[in-house]
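For reference, the chains in residue letters:
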Amino acid sequence: MDYFSLQVLPVLLLVAHTIPQCAAQDEKMIRYIEKRLLAIEDRLYKCEQDNQQYLQEFKVLSHKLVSRLDNLSNHKQEVKNEMESLWARLERAEWDIDYLESTVSSNTHIEVDEHLVEKQVVEKSEEKKKLRLNSSTSCTTMLSQIKSQKTVKKAGGAIGAWMKNTGDNVDNIYFFAESSNNVLLEFANMEEFTSRDYLKKAENINLPFSWQGTGLHVYNDYVFFHRNGTVNEIMKYNIMTNGTQSMTIEGAGHVPPYELSPYTKIDLAKDEQGLWAIYADSTNGGNIVLTKIDHNKMVAEDTWNTTCTRTNAEAAFVICGTLYVMYNSPSGGRSHIDCVYDTSDLIDGHETPTLYFPKRYSSHSSVHYNPMDQNLYAWDDGYQIVYRFESKKKLEQI
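Now for a look at the structure at hand. Keep in mind that what you see is a predicted model, and the values were worked out from it rather than measured.

Definitions and limits used
- Residues numbered from 1 in each chain as written.
- Predicted model: local features only at pLDDT ≥ 70, side-chain atom pairs only at ≥ 80, totals over all residues.
- Heavy atoms only, no water.
- Disulfide = S-S within 2.5 Å.
- Helix = DSSP H or I, 4+ residues; strand = E, 2+ residues; numbered from the N terminus.
- Buried < 20%, exposed > 50% of the residue type's maximum accessible area, 1.4 Å probe, protein only.
- Salt bridge = Lys/Arg side-chain N within 4 Å of Asp/Glu carboxyl O.
- Phe/Tyr/Trp six-rings, centres within 6.5 Å; stacked < 30°, edge-to-face > 60°.
- Lys NZ or Arg CZ within 6 Å of the ring centre and 35° of its normal.
- Core = buried A, V, L, I, M, F, W, Y, C linked by side-chain atoms within 4.5 Å.
- Contact = heavy atoms within 4.5 Å.
- Pairing = 2+ DSSP bridges.
- Axes fitted to C-alpha atoms, helices over the stretch in contact; angles between N-to-C directions.

Across all of its chains, the model carries two disulfides by this definition. Between the sulfur atoms of Cys-139 and its disulfide partner Cys-320 the distance amounts to 1.6 Å. Looking down the S-S bond of the Cys-139 and Cys-320 bridge, the torsion is -70°, so its handedness is left-handed. Of the two residues, Cys-139 sits in the loop between α2 (114-134) and β1 (141-154) while Cys-320 sits in the loop between β14 (313-319) and β15 (322-327), which places them 181 residues apart along the sequence. For Cys-139, a relative accessible area of 12% gives the class buried. Note that Cys-308 is cross-linked by a disulfide to Cys-339, the S-S spacing being 2.0 Å. Residues Cys-308 and Cys-339 share a disulfide whose torsion about the S-S bond is about -85°; that sign makes it left-handed.

Dropping the structure here:
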């Protein structure tokens, strides 16, 4: 061998020895990686099994929850039915108590001379017969009992008024928010008023002047209201033509007719005989005054100084020429009619029993009678309520 070959030979021997060592290390690394991959696969498989198990348990739990919710819904309906039944029984008990109270109070006996009693009965009978013959109106209906109550909805604040148009074949509902405003809401019917999106279905009517109090009224195309900022000016506004008429009521507007509703100075009411104004006059001791209005000419026809006090009064309405005044306590309680004044003198207000309203919320800020459907539309602490009542003939009291 030459000298060059002797130098290259050690290098080749070193390389030949190194290659097997690298191959052995690579093989060990590959085996290690394979073991780690297998371990990861095992863990993934176990994780998948756990997920399947959890999913199955979740399905079982979901089924149980749905079943429980169905049972709760059924129980809720049963409780609701029981509460409604209980409420009806409580109302019936209230009516029975009121009847017993009125019966007990009416059964008080006073010993008097029998001949004097007979004479008084005959005189009274003759007087009533004359009144029957001289009565110029065929409207002889009087309220005998508040039959039922329906809460239509809750909208607005504690003070406001709402009513159904008192014109013939008109279903429009009108909503007056607050005790002073110039925008009223008009609804085509009760369904639109009670719908969830009732504000979208309402038509805004802008009055030329703001109203004062809650003694408003709508008849056909006309809105009647006490003009805000005036003492006793009553406005008549035509919704279709925007025309206006006005009148003043002498002696009105200085004293609220209802002590518990001081924001109303003049209350307007509509019955079978026409339009009425209810107010108080400080010159007659503060008692409530009733004035009949010719709504076509906007002039006062006649006026009655009633015996009904404004103390603790909260609202009033007129049915067939008879004024019914509602009273309450200043802190709110069960409203009741404790004064009746009949312009035809067929009803003796001193002999009529107290009529109670079902107690629900607090106090009434307005009550409006509709002679077309013979319902009372009341605003009770933000709740819009319809009262239905039983009636009888005035002459039946004779």
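Now that the structure has been shown, we can carry on.
Our focus in this paragraph is the pattern of salt bridges. As enumerated under the stated definition, the model contains seven salt bridges in all. Its salt-bridge partner being Asp-50, residue Lys-46 comes within 3.4 Å of it at the nearest N-O pair. Placement of both Lys-46 and Asp-50 in helix α1 (residues 3-106) is noted, with a separation of four residues, approximately one turn of the helix. Taking the relative accessible area as the measure of exposure, Asp-50 reaches 24% and is therefore partly exposed. For Asp-171, the salt bridge goes to Lys-164, with nearest N and O atoms at 3.8 Å. Residue class for Asp-171 comes out partly exposed when judged on its relative accessible area of 45%. Look at the salt bridges and you will find they share partners, linking Lys-164, Asp-171 and Asp-373 into a network.

Attention now goes to the packing of aromatic side chains. Considering all chains together, one arrives at 13 aromatic pairs under this definition. Between Phe-317 and Tyr-324, the aromatic rings sit 5.5 Å apart at their centres with planes inclined by 20°, giving stacked as the arrangement. Exposure remark for Phe-317: the relative accessible area of 0% places this residue in the buried category. Its relative accessible area of 1% is what places Tyr-324 among the buried residues. By way of ring pairs, the aromatic residues Trp-162, Phe-175, Phe-187, Phe-193, Tyr-198, Tyr-377 and Trp-379 are connected into one cluster. Just above the ring of Tyr-383 sits the side chain of Lys-154; from NZ or CZ to the centre is 5.4 Å. The ring of Tyr-222 has Lys-236 lying over it, and the distance from NZ or CZ to the ring centre is 4.4 Å.

A few words on the nonpolar core. By size, the foremost hydrophobic cluster in this structure holds 22 residues, and its most contacted members are Leu-143, Phe-317, Ile-319, Tyr-324, Ile-337, Phe-357 and Leu-376. Beyond its immediate sequence surroundings of up to four residues, Leu-376 is in contact with Phe-317, Phe-357, Val-367, His-368, Tyr-369, Ile-385, Val-386, Tyr-387 and Phe-389. The next biggest cluster of nonpolar side chains, apart from the first, holds 16 residues, and it includes Cys-308, Ala-313, Tyr-327 and Cys-339.

What follows covers the sheet that holds strand β8 (residues 233-238). As summarised here, the arrangement of the four strands in space is β6-β7-β8-β9, forming an open sheet in which the pairing is antiparallel. Strands with a single pairing partner mark the edges of an open sheet, and in this sheet they are β6 (217-219) and β9 (244-248). When strand polarity is set aside, the average angle formed by the axes of neighbouring strands in this sheet is 20°. Where β6 and strand β7 (residues 222-226) come together, three bridges link them in antiparallel fashion. The residue bridging Val-218 from the neighbouring strand is Val-223, located in β7.

All right, on to the sheet that holds β1 then. The strands making up a sheet associate through backbone hydrogen bonding, with each pair oriented either parallel or antiparallel. Spatially, four strands are ordered β1-β20-β19-β18 in an open sheet, and the strand pairing comes out antiparallel. The open sheet terminates on both sides in strands that have one partner only, identified here as β1 and β18 (364-370). The mean inter-strand angle of the sheet, taken between neighbouring strand axes irrespective of direction, is 20°. Alignment of strand β19 (residues 375-380) against strand β20 (residues 383-393), held across six bridges, turns out to be antiparallel.

What follows deals with the pairing of β19. Counted residue by residue, β19 has six buried out of six residues, so it is predominantly covered. Burial along β19 is two-sided: Asn-375, Tyr-377 and Trp-379 facing one way and Leu-376, Ala-378 and Asp-380 facing the other are all buried. The sheet contact formed by β18 and β19 spans six bridges and is antiparallel. Bridging across to β19, Ser-366 finds its partner in Trp-379. In this antiparallel pair of consecutive strands, β18 and β19, the connection spans four residues, and Gln-374 shows a positive phi of 55°. Remark: two residues form the turn of the hairpin made by β19 and β20, two consecutive strands paired antiparallel; Asp-381 in that turn has positive phi of roughly 55°.

A few words now on unusual backbone geometry. Phi is positive for Glu-178, close to 70°, though the residue is something other than glycine. In this fold, Glu-178 is placed in the loop between β3 (173-177) and β4 (183-187). Residue Glu-178 is classed as partly exposed on the basis of its relative accessible area of 47%. Phi at Asn-242 is positive, roughly 65°, even though this residue is not glycine.

Interpretation note: all reported values are geometric properties and have no functional meaning in isolation.
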